[in-house]
Amino acid sequence: MVYRRVFLLNFLGRARISCRRGLHMVRIPVRDAHWVRYDVRENGRPSEDHSRGDCGMAFPLREVTPGATQQLHVRINGDRAFEGIVYASADDPAAPYIVARSRILDVGSPHALTLAKSCLANCRRDHSKCKVESAPDPLLPTRVINCADPHHPYLFHTGNSQGQYLALSYVWGEPQPYRTVLSNISAYEDGMEPSLLSQTIRDAIHVTHALGYQYLWVDALCIIQDSDEDKKHELSRMHRVYRDAHLTIVAASAQRVSEGFLQDRADVPMMSGGRDIFAHDFMVPFICPSLPRVSSNDSNEQPPSLRQLGHLHISPLYACNNERGADWSYNYASEPVSTRGWCMQEHLMSSRALIFASHTLQYKCQTETRNIGEAFHTGYSPQLPNLFFRSDLAATLIKRIPYQRRRMHEAWLRVVSDYSKRTITYPSDKLVACSAIAQEFHSILRTEYLAGLWRNTLLSDLLWYHENYTRTEGARPATYRAPSWSWAAIDGRLRLLAISHQPTAEAGNAGVAVMEVIRCEVSLKNESLPFGEVTGASLVVRAPLIRCVLRRDGWAHEILLQRAWRSRSPSTGHSDDGEDSIEVDEAFHGDAYLDSIEDEECPRMWAALVSRHSLFDRIEGLVVVPQDPGAVVSDGGRIVYRRIGYFAFKSPIFQFGSLIRDMGMRGKLPTVEFEIV
């Protein structure tokens with residue numbers, strides 16, 4: 001295997017890598033070389049001299065776009081010391097040998113938007129996952145903005161006509177005085193004065209026209225904001241708006257609608273939390289390879305003194321002397337649009353998106369996410385499985401291949417995890433703001449939606465916990481919006497355990513259900529919106545129910561179970577003994593995570609066992625308390641509880657049998673039927 005290499009002198013000082021051993025050159029394969037790692041390796045892998053540090057550019061060790069982007073990896077005696085992406089300016093002599101380019105900063109320029117059009121065309125032509133089949137254009141939304149003349153846009157009532165349109169995803173961030181209401185809809189259908197519209201909407205109209213499209217959908221203008229009837233109608237169709245859009249314009253960088261998103265980007269943009277990115281990029285000289293020989297009679301390659309001198313830019317991803325190396329790269333989660341609940345489903349349900357990020361202009365589709373103009377892109381961008389956009393095929397595959405069902409269910413759980421990190425202006429919108437994506441998942445999973453959970457996976461869906469509540473984030477909403485067993489009942493970052501394991505009632509599986517669902521019912525605020533607000537819910541189960549005690553352990557708690565089964569009366573479900581009288585087994589303890597800081601002082605807690613896992617050595621369940629401490633038995637003869645947390649015993653699974661023996665049972669724990677609301 002032949003490699004063409006060039007040499008960079010005095011690299012260490014420029015690279016800002018501190019190292020006691022001297023490194024004096026960097027060996028870099030150029031565009032047409034295969035990759036190799038120049039660290040000390042064993043077991044048949046490439047190896048180098050142990051007496052010195054060595055470094056080299058390698059591909060592909062990290063997933064980046066465009067394809068074949070070169071990366072610089074430095075290793076000292078085999079230890080990871082530095083990693084970075086290599087790029088060059090388009091007009092630099094080094095450009096022919098380097099794949100990635102500098103970022104485009106003038107994101108609203110004609111040049112940038114022309115490149116965006118090219119990306120869209122290439123996607124439709126070359127991406128097998130994204131190709132548009134020969135099908136008719138989708139139905140247009142009820143209303144769209146006609147952008148044929150960007151200086152005179154107007155609201156157009158589509159009348160169920162078909163066509164291509166773009167959609168806008170953005171952060172309101174403030175009231176919009178110029179939005180469609182009953183009193184101005186007729187005037188807006190005649191025309192809108194662009195200067196009165198918010199800057200973000202004006203920018204979106206400009207982009208729509210520049211890309212060659214006529215119609216744009218914007219919620220503030222295409223939904224009658226003071227009409228409950230129109231809102232209800234449009235919410236029922238929201239799952240189609242972004243999915244059917246030919247392209248979604250994402251104003252990712254704008255914190256409020258008045259900011260706009262077409263400003264030139266900074267060389268070192270600031271992200272949320274005051275974190276700057278690309279601040280550590282640096283430049284090194286690059287001696288370009290000599291021109292290839294015309295014939296075999298030509299002399300040897302040109303000496304370095306006669307070759308062109310270019311410059312490479314290095315964008316660090318990691319450096320051994322800086323623990324914050326990961327913060328140097330771009331993170332989509334830091335964008336303002338990634339902090340808002342409504343924007344999540346808009347992003348995920350868009351098969352194609354043009355993202356006006358804080359640092360450059362990006363194009364996202366089901367095949368890839370890339371920066372416009374061949375600038376490098378690395379990092380995580382949330383995306384749904386491609387099967388999500390083929391619901392006709394998905395239903396068939398899920399029915400025939402159980403793995404596909406699990407994969408789609410795990411995709412839903414990751415959606416919920418992402419959603420839990422975001423904020424919503426009105427707490428009552430917690431289920432509404434993800435209703436469109438829930439509706440699309442329902443068409444694939446084909447099971448009943450229960451206030452954020454699914455009937456076919458209800459037990460595993462109960463296994464979630466609040467990762468790190470605080471006195472503000474951990475407070476429960478003042479008014480009811482979901483049952484206590486639903487993740488929608490609280491705010492804050494959640495972890496959903498069902499992503500890694502799923503309890504079933506079948507013996508021999510890693511997860512074996514200990515709890516049995518008797519009945520689960522949800523009352524909807526509006527029957528025509530089955531994925532929207534709920535006014536009540538009831539979950540009736542049969543499961544072991546054991547008194548427990550929680551002790552504070554950092555931000556979490558330690559849970560201990562009551563030793564003797566006699567303390568619980570099967571007819572009442574809990575003892576009237578004071579907490580101090582509980583005899584606990586100090587050897588059998590686990591971790592508990594409360595849903596809200598308000599629940600720390602709850603008396604008489606109970607552990608409701610949900611599942612046991614031989615594979616993970618875990619016993620898991622819910623921490624519950626009586627809904628009304630003064631009422632013992634409900635009208636149906638069952639105890640009514642509410643969830644206040646999650647627990648897990650991570651001790652070896654044989655202790656589960658020890659627990660049964662300690663309680664004087666034979667074979668298994670007795671169960672009791674009770675209700676959780």
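Residues numbered from 1 in each chain as written. Predicted model: local features only at pLDDT ≥ 70, side-chain atom pairs only at ≥ 80, totals over all residues. Heavy atoms only, no water.

Draft legend 1. Representation of the overall build of the protein in the model. A tally of regular secondary structure across the protein gives 13 helices and 32 strands. Put simply, of all contacts in the protein between residues at least 6 apart along the chain, 70% involve residues at least 24 apart. For the protein, the exposed area adds up to about 30,600 Å²; of that, 48% sits on carbon and sulfur atoms. (Helix = DSSP H or I, 4+ residues; strand = E, 2+ residues; numbered from the N terminus. Contact = heavy atoms within 4.5 Å. Areas by Shrake-Rupley, 256 points an atom, 1.4 Å probe, with all protein chains shown as cover.)

Draft legend 2. Examining the packing of helix α8 (residues 341-348) against helix α11 (residues 435-445) more closely. Where α8 meets α11, the axes come as close as 8 Å, and the angle between the chain directions of the two elements is 40°. In terms of axis orientation, α8 runs oblique to α11. For the pair α8 and α11, the contacting residues are M344, Q345 and L348 in the first and S435, A436 and I437 in the second. In terms of residue class, the contact of α8 with α11 is made up of four nonpolar, two polar and no charged. (Axes fitted to C-alpha atoms, helices over the stretch in contact; angles between N-to-C directions. Parallel < 35°, antiparallel > 145°, perpendicular 65-115°, else oblique. Nonpolar A, V, L, I, M, F, W, Y, C, P; charged D, E, K, R; others polar.)

Draft legend 3. Molecular detail of the nonpolar core. Judged by nonpolar contacts, the single largest core of 123 residues is most densely connected at L216, F356, W412, I437, F441, W487 and F674. Of the residues forming this core, the biggest block, seven residues, is contributed by helix α10 (residues 402-420). Contact partners of F356, with chain neighbours within four places excluded, come to V107, L113, V207, I249, V250, A251, A252, S253, F261, L262, R265 and L361. The next biggest cluster of nonpolar side chains, apart from the first, holds 20 residues, and it includes I559, M605, F649 and L669. (Core = buried A, V, L, I, M, F, W, Y, C linked by side-chain atoms within 4.5 Å. Buried < 20%, exposed > 50% of the residue type's maximum accessible area, 1.4 Å probe, protein only.)

Draft legend 4. Just the state of the cysteines, in detail. In this structure the tally under the stated criterion is zero disulfides. Cysteine C222 shares no disulfide, and the gap to the nearest cysteine sulfur, in C147, comes to 9.1 Å. Accessibility expressed as a relative area gives 0% for C222, which makes it buried. (Disulfide = S-S within 2.5 Å.)

Draft legend 5. Focus on the pattern of salt bridges. Applying the stated rule across the entire model yields 23 salt bridges. A salt bridge links R143 to D230, with the shortest nitrogen-to-oxygen separation between them at 3.0 Å. Residue R143 is located in strand β7 (residues 143-146), and its partner D230 is located in helix α6 (residues 228-236); the two are separated by 87 residues in the primary sequence. Residue class for D230 comes out buried when judged on its relative accessible area of 10%. Ionic pairing is found between R370 and E374, a salt bridge with its closest N-O pair at 3.1 Å. Overall, R370 belongs to the buried group, its relative accessible area being 13%. Each of R476, D595, D599, R642 and R643 takes part in salt bridges that share partners, so that together they form one network. (Salt bridge = Lys/Arg side-chain N within 4 Å of Asp/Glu carboxyl O.)

Draft legend 6. Unusual backbone geometry, seen in detail. Cis geometry is found at the peptide bond from T65 to P66, where omega equals 0°. Tracing the sequence through the fold places P66 in the loop between β3 (54-58) and β4 (71-76). Phi at N160 is positive, roughly 60°, even though this residue is not glycine. Checked against the element boundaries, N160 lands in the loop between β8 (154-157) and β9 (166-169). Look at N160 and you get exposed, because its relative accessible area is 57%. Here E374, not a glycine, exhibits a phi torsion of approximately 65°, which is positive. Topologically, E374 is positioned in the loop between β18 (369-371) and α9 (391-400).

Draft legend 7. Quick peek at the sheet that holds strand β10 (residues 215-217). One open sheet accounts for eight strands, arranged β8-β7-β10-β9-β11-β16-β17-β18; its pairing is mixed. Each edge of the open sheet is held by one strand with a lone partner, namely β8 and β18. Across this sheet, the average inter-strand angle for adjacent strands is 30°, counted without regard to direction. Where β7 lies against β8, four bridges are found, and the strand directions are antiparallel. Within β8, the position partnered with V144 by the bridge is F156. (Pairing = 2+ DSSP bridges.)

Draft legend 8. Region of interest: the pairing of β9. The side-chain alternation of β9 yields two buried faces, one formed by L166 and L168 and the other by A167 and S169. Pairing of β9 with strand β11 (residues 247-250), which is carried by four bridges, proceeds in the parallel orientation. What sits directly across from S169, in β11, is V250.

Draft legend 9. Fine view of the environment of Y641. Inspection of the secondary structure puts Y641 in strand β31 (residues 639-649). What makes Y641 buried here is its relative accessible area of 0%. Between the C-alpha atom of Y641 and that of V624, which follows or precedes it by 17 residues, the distance is 6.1 Å.

Draft legend 10. Just the side chain of S435, in detail. With respect to the element layout, S435 can be found in helix α11. In this structure, S435 is in contact with Q345, F531 and G532, ignoring residues within four places of it in sequence.

Draft legend 11. Quick peek at the pairing of strand β29 (residues 605-613). Counting buried residues in β29 gives eight out of nine residues, a clear majority hidden from the surface. Where β29 meets strand β30 (residues 618-626), seven bridges bridge the pair, whose relative direction is antiparallel. Each residue of the ladder has a partner; that of W606, found in β30, is V624.

Draft legend 12. Expanded view of α11. Among the eleven residues that make up α11, eight are buried, leaving the element largely enclosed by the rest of the structure. Those residues of α11 lying buried are S435, A436, I437, A438, E440, F441, I444 and L445. Positive backbone phi, at 55°, marks R446, one or two positions downstream of α11.

Draft legend 13. Spatial organisation of the packing of α10 against α11. For the pair α10 and α11, interaxial distance at closest approach is 11 Å and the crossing angle is 170°. Looking at the two axes, α10 sits roughly antiparallel to α11. When you trace α10 past α11, the crossing you get is left-handed. Here α10 contributes R405, M408, H409, A411, W412 and V415 to the contact with α11, which in turn contributes I437, A438, F441, I444 and L445. Across the contact of α10 with α11, the residue classes break down as nine nonpolar, one polar and one charged. (Left-handed = near helix turned anticlockwise from the far one by under 90°.)

Draft legend 14. Spotlight on the packing of aromatic side chains. Applying the stated rule across the entire model yields 17 aromatic pairs. Ring centres of Y449 and F531 lie 5.3 Å apart, and the angle between their planes is 50°; on these two criteria the pair is classed as tilted. Of this pair, Y449 sits in strand β19 (residues 449-450) while F531 sits in the loop between β24 (516-524) and β25 (534-543), and the two are 82 residues apart along the sequence. Note on Y449: relative accessible area 8%, which makes it buried. F531 gets classed as buried once you look at its relative accessible area, which sits at 9%. Taking the ring centre of Y419 as reference, the NZ or CZ of K430 above it sits at 5.4 Å. (Phe/Tyr/Trp six-rings, centres within 6.5 Å; stacked < 30°, edge-to-face > 60°. Lys NZ or Arg CZ within 6 Å of the ring centre and 35° of its normal.)

Draft legend 15. Inspection of the confidence of the model for the protein at higher detail. Across the protein, the average pLDDT comes to 79, with 74% of residues at 70 or higher. Within the model, the stretch residues 565-580 combines pLDDT values under 50 with 36 contacts to residues more than four positions away or in other chains. (pLDDT = per-residue confidence, 0-100.)

Draft legend 16. Focus on the side chain of H127. With respect to the helices and strands, H127 occurs in the loop between α2 (110-126) and β7. What makes H127 buried here is its relative accessible area of 14%. Beyond its immediate chain neighbours, meaning those up to four positions away, H127 contacts N122, C365, T367 and E368.

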